[in-house]
Amino acid sequence: MDTNRVLNAATKAGKMMLESGGETYRVEETMVRISLALGVKSIDVYATPTVIILSAKDEHNNNHSTLQRTYGATFNLDKISKINDLSRSIERKHLTIDDLEREISVIEHQKGYPDVLTILSSALAAGFFTLLFSGSIKDFFCAVFIGAIIKYTIISLSKFSVYSFFINLVGGMEAALLAILLYKLNLCTHYDKTIIGAIMLLVPGLAITNAIRDTINGDLVSSVTRTVEAVFIAIGIAVGTGMVFKICFRLFGGMNL
Amino acid sequence: MILATLYSFLASLGFAIVFNIRGKNILIASIGGSFSWFIYLLMQNLHNSNTVSLFVAAFLVSIYSEVMARLFKSPVTTYTICGIIPLVPGNGMYYTMYYTISGNINKSTLTGLQTLTDAGAIAIAIVMVSSLSKLLFLKKKKVM
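Predicted model, so just to flag it, every value in this text is computed and none were measured.

**Notes on the packing of helix α7 (residues 164-184) of chain A against helix α8 (residues 191-199) of chain A**
Residues and elements named next belong to chain A. Orientation of α7 relative to α8, taken along the N-to-C sense of each, is 150°, at an axis distance of 9 Å. One element, α7, and the other, α8, form an angle in the roughly antiparallel class. Seen from above, α7 lies across α8 with right-handed handedness. Here Gly172, Ala175, Ala176, Ala179, Ile180 and Tyr183 of α7 lie close against α8, whose contacting residues are Tyr191, Thr194, Ile195, Ala198 and Ile199.

In structure tokens form, the structure reads like this:
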């Protein structure tokens, strides 16, 4: 058994999970499970949203360690689910290290949904949230339009690895600006409902859920990091929409929007 | 109310695709979203406060997610996130910001506190359910 290869595969799996938005304890558990199943004697893993540290002993009591920096989190719950399944099936199906490496690279190169579909579905999500918060049918179409533009901006900005605070700030600004513009053009009836529907796309649902779950599992460093991330996203949205509102109040005067 | 449930189903469906959930999990996750909103509306119709309604809805949808995760062998988050998304107090966040900008400090503090309480209620509901399910799961393991 080649300990180095096993540890590399485990680290790769862990990195992928963390970058797809997995919880800390799940990442650690999966890496331990993979390594132990393939014959590493003992292993310790420490994962946070930005780094994975792994230290293991092979059968001759030699120490091996790897450190993997991870960057940013995207949403790909399917990848997490697949790697989780893979790690559980090693013992059940008696997979070898070659099988594991092949499977991991298959999951790694698996493409997410095409951008067009993501934009379309987030546009619809924004629209239906507007309806949910008792907007009119006119607001629905405005929110669909704004939602599509926001998602397009998010996708194109994240290609330049811009800090997420800025992305959310721009998203919030777009939502407020477009909603007020459409309201002035008499295309939507409640600009507030339209904005709320659109900013639901930016709300840090995954970060909050993961922060809570990390807290329960006692991964305090990760939970604090993720809470701060969620708070900053929320502040970004508020600052973005707030800036536009402030400017509009100045331009149009008072509250007669 | 049925219409609202349909809306929340479709909204969660959109989110399920954004989060890259695949196959039959999309459907299960979106049903979770509409389920949580249905419970929320039901609780509000029974004259409960907003926070209590959110708590009960989040509690039940977390149970739903835990059960589905065990049944279909997927991570719990797959279902929890889409179930919780309609309950997230985006409404409160927006109005807090709005009142702050328009200089109405009284109202902004009020809505800000309410938003925090709502978010806290959802968080505590998730915490309770996953701690309870962990207890049950451990018990099962020891017995077997």
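Next comes the rest of the account.
**Topic: the domain arrangement of chain A**
Residue and element names in this part refer to chain A. Its domain assignment divides chain A into domain 1 (3-108) and domain 2 (115-252). Put simply, the middle of domain 1 and the middle of domain 2, counted by C-alpha atoms, are 33 Å apart. Listed by partner, the interface residues are eight residues for domain 1 and 11 residues for domain 2. Partitioning the side of domain 1 that touches domain 2 into residue classes produces three nonpolar, four polar and one charged.

**Section: the interface of chain A and chain B**
With 42 residues of chain A in contact, the opposing surface of chain B contributes 37 residues. At the level of secondary structure, the elements contributing two or more residues to the side of chain A that touches chain B comprise α3 (77-93), α5 (115-132), α8, α9 (205-216) and α10 (220-252) of chain A. The greatest single-element share of the side of chain A that touches chain B, amounting to 10 residues, is contributed by α5(A). The residue makeup of the side of chain A that touches chain B, split by class, is 24 nonpolar, 11 polar and seven charged.

**What about unusual backbone geometry?**
All names here are of chain A. Positive phi values are uncommon outside glycine, yet His94 reaches one of about 50°. Within the chain, Ser134 stands out as a residue other than glycine whose phi angle is a positive 55°. Mapped onto the elements of the fold, Ser134 is located in the loop between α5 and α6 (137-158).

**Considerations on the environment of Ala176(A)**
Residues and elements named next belong to chain A. Residue position: Ala176 is located in helix α7. Through-space distance from the C-alpha of Ala176 to that of Phe166 is 15 Å; in sequence the pair is 10 residues apart. In contact with Ala176, not counting residues within four places along its chain, are Ile195, Thr241, Val244 and Phe245.

**Re helix α5 (residues 90-101) of chain B**
All names here are of chain B. Taking 1.5 Å of rise per residue, 12 residues should cover 16 Å, and α5 covers 17 Å from first to last C-alpha, within 8% of that figure. Counting buried residues in α5 gives nine out of 12 residues, a clear majority hidden from the surface. Within the span of α5, buried status applies to Gly90, Asn91, Gly92, Met93, Tyr94, Tyr95, Thr96, Met97 and Tyr98. Trailing α5 by a residue or two, Gly103 shows a phi angle of about 80°, which is positive.

**Description of the sheet that holds strand β2 (residues 51-57) of chain A**
All names here are of chain A. Pairing is antiparallel in the open sheet, where three strands are placed in the order β1-β2-β3. One side of each edge strand has no neighbouring strand; the edge strands of this open sheet are β1 (42-47) and β3 (63-69). Strand-to-strand, the axes of this sheet are offset by a mean angle of 10°, without reference to chain direction. Across six bridges, the pairing between β1 and β2 is antiparallel. Bridge pairing links Tyr46 to Ile53 in β2. Where helix α1 (residues 3-19) meets the sheet, it contacts β1, β2 and β3, and its direction lies at approximately 155° from that of β2. Lying over the sheet, helix α2 (residues 24-37) contacts β1 and β2, oriented at roughly 155° with respect to β1.

**Looking at the environment of Thr48(A)**
Residue and element names in this part refer to chain A. Counting through the fold element by element, Thr48 comes out in the loop between β1 and β2. Sequence separation between Thr48 and Val32 is 16 residues, and the spatial gap between their C-alpha atoms is 15 Å. Contacts of Thr48, omitting those with residues within four sequence positions, involve Thr24, Val221, Ser222 and Thr225.

**Quick notes on the nonpolar core**
Ala126(A), Ile146(A), Ala179(A), Ala198(A), Ile199(A) and Ala58(B) are the most contacted members of the largest nonpolar core, which totals 125 residues. When neighbours within four sequence positions are excluded, Ile199(A) is seen to be in contact with Gly172(A), Ala175(A), Ile237(A), Thr241(A), Gly90(B) and Tyr94(B).

Rules used in this analysis
Residues numbered from 1 in each chain as written. Chains lettered and ligands numbered in written order. Predicted model: local features only at pLDDT ≥ 70, side-chain atom pairs only at ≥ 80, totals over all residues. Axes fitted to C-alpha atoms, helices over the stretch in contact; angles between N-to-C directions. Helix = DSSP H or I, 4+ residues; strand = E, 2+ residues; numbered from the N terminus. Parallel < 35°, antiparallel > 145°, perpendicular 65-115°, else oblique. Left-handed = near helix turned anticlockwise from the far one by under 90°. Contact = placed C-beta atoms within 7 Å. Domains from an automatic or database assignment. Nonpolar A, V, L, I, M, F, W, Y, C, P; charged D, E, K, R; others polar. Expected span 1.5 Å × (residues − 1). Buried ≥ 20, exposed ≤ 12 C-beta atoms within 10 Å, placed from the backbone. Pairing = 2+ DSSP bridges. Core = buried A, V, L, I, M, F, W, Y, C linked by C-beta atoms within 7 Å.

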